[in-house]
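# Per-entry structural report
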Amino acid sequence: MISQKIQAYAKINLFLDVLSKQQDGYHEIYSLISKIDLHDDIEIVRNKSLDVIFEGSFSSMIKYNNIETLFEYLFSKNYLSEFPFKIKISKNIPVGAGLGGGSSNIASVLMYLRDNKLINEAQCLNAARDLGSDIEFFFETKPSFVVGRGIVDRSVKIINEKKVILLIYPQVDLSTKEVFKNNKSFVEKSKINEHSKYLDLMEILESSTNSLEPSAKNLCKDIDVALSCLSSHKNSQFERMTGSGSCVFGIFNDLSTASRILRDIQSKNPHWWLKVTKLI
């Protein structure tokens, strides 16, 4: 087993349908998720015992150590009996944003353990499904449909994937649990061609929604403000919230336009975090 540096990528939900609420409190969802070119940096080295360190831009917003929770789970299931690792995570992905940073971190550590034959494939998947609804997606290399509580259904190729994405995070750590708890919007599945291997980005967006937006907006008024900032620019082709928020994204044709609009929005909202990125 060797030391390793890992890039744990963020995601956006191109659409998110909340179909129903189950008796156990969990929600049935249907979503299409893609990784984006924004990542946390993780370094894993041998150590005498488990030592998890968070640093970087958003480390101060970490409320609980989900990596320690992961290893507690692995121990409780008898998947691992010792944890001789020092794990340093540089948090570049905003926290409580709907970008999946915490889930991506867990998935990256699980894949490290799997690839080094410390846990097997089934144990890796069990942990992902038991610990969170987004984790399993981060094992994938392509955009994927997820169903139920976040189980990956299938992967697709997205056309127009080179369009530029502008992220706006209004520096609000929004609780996924609270957004779902307050959600009153249950919808039918978006009319996406489920059987096609290739899907056009703009067609996906224009024929779908994020049904958590009303609930998230009630908890964070800046979401509506951020979406309005994007839509007020004639070059913005589409605007949507990702996941349960509070981050929103706009779609642009080119980097120079997105960068210009970033500067304009940032000048009027200096407390917000903005980033130009792309689908990967």
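Described in the following lines is the structure provided in the data block. (Residues numbered from 1 in each chain as written. Predicted model: local features only at pLDDT ≥ 70, side-chain atom pairs only at ≥ 80, totals over all residues. Heavy atoms only, no water.)

A few words on the pairing of strand β1 (residues 4-21). Sheet topology places β1 next to strand β2 (residues 27-46); 15 bridges connect them, and they run antiparallel. Directly across from Lys 21, in β2, lies its bridge partner His 27. Hairpin connection, β1 to β2: the antiparallel pair is bridged by five residues, and Gly 25 has positive phi, about 95°. (Pairing = 2+ DSSP bridges. Helix = DSSP H or I, 4+ residues; strand = E, 2+ residues; numbered from the N terminus.)

This brings us to helix α3 (residues 121-131). Within the sequence span of α3, burial applies to Gln 123, Cys 124, Ala 127 and Ala 128. Seen along its axis, α3 keeps its buried residues to an arc of 135°; they face one direction. In α3, the exposed positions angled more than 90 degrees off the buried face are occupied by Glu 121 and Asp 130. Tucked inside the fold, the buried residues of α3 contact α1 (66-76) and α2 (101-115). Between a side-chain oxygen at the N-terminus of α3 and the backbone nitrogen of Ala 122 the separation is 3.1 Å; the capping residue is Asn 120. (Buried < 20%, exposed > 50% of the residue type's maximum accessible area, 1.4 Å probe, protein only. Arc of directions from axis to C-beta. Contact = heavy atoms within 4.5 Å. Polar contact = N/O pair within 3.5 Å; in protein donor to acceptor, adjacent residues only side chain to side chain.)

Turning our eyes to something else, we now look at the pattern of salt bridges. The full count for this structure, using the stated rule, is 10 salt bridges. One salt bridge in this structure joins Lys 268 and Asp 264, with 3.4 Å as the shortest N-O distance. Of this pair, Lys 268 and Asp 264 both sit in helix α8 (residues 255-268), separated by four residues, roughly a single helical turn. When salt bridges that share partners are traced, they join Arg 114, Asp 115 and Glu 121 into one network. (Salt bridge = Lys/Arg side-chain N within 4 Å of Asp/Glu carboxyl O.)

Turning our eyes to something else, we now look at the side chain of Ser 104. Mapping Ser 104 onto the fold places it in helix α2. The residues contacting Ser 104, other than those within four sequence positions of it, are Ala 8, Tyr 9 and Phe 138.

Pairing is antiparallel in the open sheet, where four strands are placed in the order β10-β11-β8-β12. For this open sheet the edge positions go to β10 (238-241) and β12 (273-278), each flanked by a neighbour on one side alone. Across the sheet, the axes of successive neighbouring strands diverge by a mean angle of 20°, strand direction being ignored. Where strand β8 (residues 164-169) lies against β12, six bridges are found, and the strand directions are antiparallel. Paired with Val 164 across the strands is Lys 278, a residue of β12. Here helix α7 (residues 222-231) sits on the sheet in contact with β8, β10 and β11 (248-252), set at roughly 10° to β11. Along the sheet, α8 makes contact with β8, β11 and β12, crossing β12 at roughly 170°. (Axes fitted to C-alpha atoms, helices over the stretch in contact; angles between N-to-C directions.)

As a further point, take the state of the cysteines. Tallied over the full model, the rule gives zero disulfides. The thiol of Cys 220 is unpaired, and the distance to the nearest cysteine sulfur, on Cys 247, comes to 11 Å. (Disulfide = S-S within 2.5 Å.)

Next up on the list: the nonpolar core. Nonpolar side chains tend toward joint burial in soluble globular proteins. Core analysis: the biggest nonpolar cluster contains 60 residues, and Phe 71, Leu 74, Ile 87, Leu 110, Leu 113 and Ile 265 have the highest contact counts within it. A total of seven residues in this core trace back to one element, the largest contributor, which is α2. Grouped together as the second largest cluster of nonpolar side chains are 31 residues, Ile 12, Leu 99, Val 156 and Ile 192 included. (Core = buried A, V, L, I, M, F, W, Y, C linked by side-chain atoms within 4.5 Å.)

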